[in-house]
Amino acid sequence: GQQLNQSPQSMFIQEGEDVSMNCTSSSIFNTWLWYKQDPGEGPVLLIALYKAGELTSNGRLTAQFGITRKDSFLNISASIPSDVGIYFCAGQGSNYKLTFGKGTLLTVNP
Amino acid sequence: EAGVAQSPRYKIIEKRQSVAFWCNPISGHATLYWYQQILGQGPKLLIQFQNNGVVDDSQLPKDRFSAERLKGVDSTLKIQPAKLEDSAVYLCASSPGTGYTGELFFGEGSRLTVL
């Protein structure tokens with residue numbers, strides 16, 4: 001099956017710092033999505049990307065759909081304590097199945 | 001707008017016992033999903049319904065797991081008999097339309113511990 005490699009596995013940063021995480025795949029995806037999961041909650045959609053090369057922002061979050069269609073990255077600028085959580089990338093292929101990465105655990109030190 | 005409702009939030013059972021989880025999706029959402037999330041992993045799709053028909057159940061362990069979505073609204077996921085490796089959070093999600101966008105709305109999940 002399709003596999004996603006998400007990195008880093010975890011990050012510990014200071015409030016105000018910028019954060020970057022990425023996801024790579026051995027398969028081509030038609031859609032890349034980024035979700036955030038808070039403890040004890042279900043994942044919440046942050047950004048959806050539908051076109052290779054697309055760069056999309058949502059507040060302090062910016063995500064890009066890689067030109068090769070095999071990767072995506074998510075940047076968070078000027079992190080704040082409520083950014084703490086697990087960030088998942090997800091790719092959707094031509095069969096419309098959604099494959100999730102293993103997540104990046106973000107800790108923000110106030 | 002009410003979100004995806006799931007119950008129970010927590011369940012502890014012994015191996016070989018049975019358990020059932022319930023999900024009520026967002027009103028009007030045609031597509032409903034059950035995902036299994038093992039600690040430290042991303043969600044893994046178990047079954048996808050569109051209205052009351054199964055779209056994908058290729059990763060559902062059918063010897064012990066079953067799911068139904070009667071009347072195309074709420075759904076139940078059952079595990080019988082449970083194994084230790086079934087300990088996980090079971091997430092229900094829904095999406096409007098056919099679910100082809102990947103934009104899912106998740107419930108809070110049902111955490112299962114099998115002893």
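Above this text you will find the structure in question.
As the structure is a prediction and not an experimental result, all values here were calculated from the model.

Engineer: Go over the overall build of chain B with me, naming the residues and quoting the values.
Structural biologist: What chain B contains, in helices and strands, is zero helices and eleven strands. Of the regular secondary structure in chain B, the N- to C-terminal order runs β-β-β-β-β-β-β-β-β-β-β. Considered along the principal axes of its C-alpha atoms, chain B spans approximately 40 × 25 × 25 Å. Contacts in chain B between residues at least 24 apart in sequence constitute 54% of all its contacts with a sequence separation of at least 6. The distance from the centre of the 12 positive side-chain charges to the centre of the 11 negative ones in chain B is 7 Å.

Engineer: Mind laying out the overall build of chain A, listing which residues take part and the relevant values?
Structural biologist: Looking only at helices and strands, one finds zero helices and eleven strands in chain A. Whereas a compact globule of 110 residues would reach a radius of gyration of roughly 13 Å, chain A reaches 13 Å, a difference of no more than 12%. Each principal axis of the C-alpha atoms in chain A carries an extent, and together these give about 40 × 25 × 20 Å. For chain A, with 110 residues in total, the buried portion stands at 43%. The long-range share in chain A, meaning contacts at least 24 apart out of those at least 6 apart in sequence, stands at 53%. Summed over all atoms, the accessible surface of chain A reaches about 5,200 Å², with 51% contributed by carbon and sulfur. Side chains of chain A carry 7 positive and 8 negative charges; the gap between the two charge centres is 15 Å.

Engineer: Break down the sheet that holds strand E1 (residues 4–7) of chain A for me, with residues and values.
Structural biologist: Residues and elements named next belong to chain A. Overall, antiparallel pairing links the five strands, which are arranged E1-E3-E8-E7-E6 in an open sheet. Across the chains shown, the open sheet's two edge strands, defined by having one partner strand only, are E1 and strand E6 (55–58). Looking at each pair of strands side by side, their axes are set apart by 15° on average, direction ignored. Pairing between E6 and strand E7 (residues 61–65): four bridges, direction antiparallel. Paired with serine 57 across the bridge in E7 is threonine 62.

Engineer: Talk me through the interface of chain B and chain A; I want residue IDs and the actual numbers.
Structural biologist: Contacts between chain B and chain A engage 19 residues on the former and 19 residues on the latter. Here chain B and chain A share an interface that buries about 1,500 Å² over both sides, 50% of which is from carbon and sulfur atoms. The largest share of the area that chain B buries against chain A comes from B:Tyr100, B:Glu103 and B:Phe106, three residues that together contribute 27% of it. Between the two partners, chain B and chain A, sit one salt bridge. Note that A:Lys97 is salt-bridged to B:Asp56, the shortest N-O span being 3.4 Å. Taken together, the links from chain B to chain A amount to eight residue pairs in polar contact (both at pLDDT 80 or more). Partitioned by chemical class, the residues of the side of chain B that touches chain A number six nonpolar, nine polar and four charged.

Engineer: Describe the sheet that holds strand E3 (residues 19–24) of chain B, and please don't skip the residues or the numbers.
Structural biologist: Residues and elements named next belong to chain B. Taken together, the four strands give an open sheet; going across it, the order is E1-E3-E8-E7, and neighbouring strands pair in antiparallel fashion. Of all the strands in the sheet, the pair left with one neighbour each is strand E1 (5–7) and strand E7 (65–68). With strand direction ignored, the average angle separating the axes of adjacent strands in the sheet is 15°. Direction of pairing for E1 relative to E3: antiparallel, over a ladder of three bridges. Bridge pairing links serine 7 to tryptophan 22 in E3.

Thresholds applied
- The written sequence of each chain sets the order in which its residues are numbered from 1.
- As they are written, the chains are lettered A onward and the ligands numbered 1 onward, keeping that order.
- pLDDT decides what is reported in this predicted model: residues at 70 or higher carry local features, side-chain atom pairs at 80 or more are listed and counted, and totals for whole chains, interfaces and linings draw on all residues regardless.
- Each side-chain value is derived from all of the structure's non-hydrogen atoms; neither hydrogens nor water enter the calculation.
- Runs of H or I in DSSP of at least four residues are treated as helices and runs of E of at least two as strands, each being numbered from the N terminus.
- Pairs of residues are marked as contacts when any of their non-hydrogen atoms sit within 4.5 Å.
- Under the counting rule used here, the positive set is Lys and Arg, the negative set is Asp and Glu, and His together with the chain ends is not counted.
- Where a charge lies is defined by one atom per residue type, namely NZ (Lys), CZ (Arg), CG (Asp) and CD (Glu).
- As defined in this context, the radius of gyration uses C-alpha atoms, and a globule is described by 2.2 Å times the residue total to the power 0.38.
- Burial status follows relative accessibility: with a 1.4 Å probe on protein chains alone, a residue under 20% of its type maximum counts as buried, one over 50% as exposed, and anything between as partly exposed.
- Where accessible areas are quoted, they stem from the Shrake-Rupley method and a 1.4 Å probe; at the residue level, only the protein chains shown are allowed to cover.
- Here, strands pair whenever DSSP counts at least two bridges between them.
- Between N-to-C directions, angles span 0 to 180 degrees; the directions come from axes that are lines fitted to C-alpha atoms, helices contributing only their stretch in contact.
- Here's the idea: put two parts together, see how much 1.4 Å probe accessible area each one loses, and the total over both is what we call buried area.
- Salt bridge, as used here: a side-chain nitrogen of Lys or Arg that lies within 4 Å of a carboxyl oxygen of Asp or Glu.
- N or O atoms closer than or at 3.5 Å make up a polar contact, with two conditions inside protein: a donor-capable atom paired with an acceptor-capable one, and, for residues adjacent in sequence, both atoms drawn from side chains.
- Amino acids outside the nonpolar list (Ala, Val, Leu, Ile, Met, Phe, Trp, Tyr, Cys, Pro) and the charged list (Asp, Glu, Lys, Arg) are all regarded as polar, and Gly is one of them.

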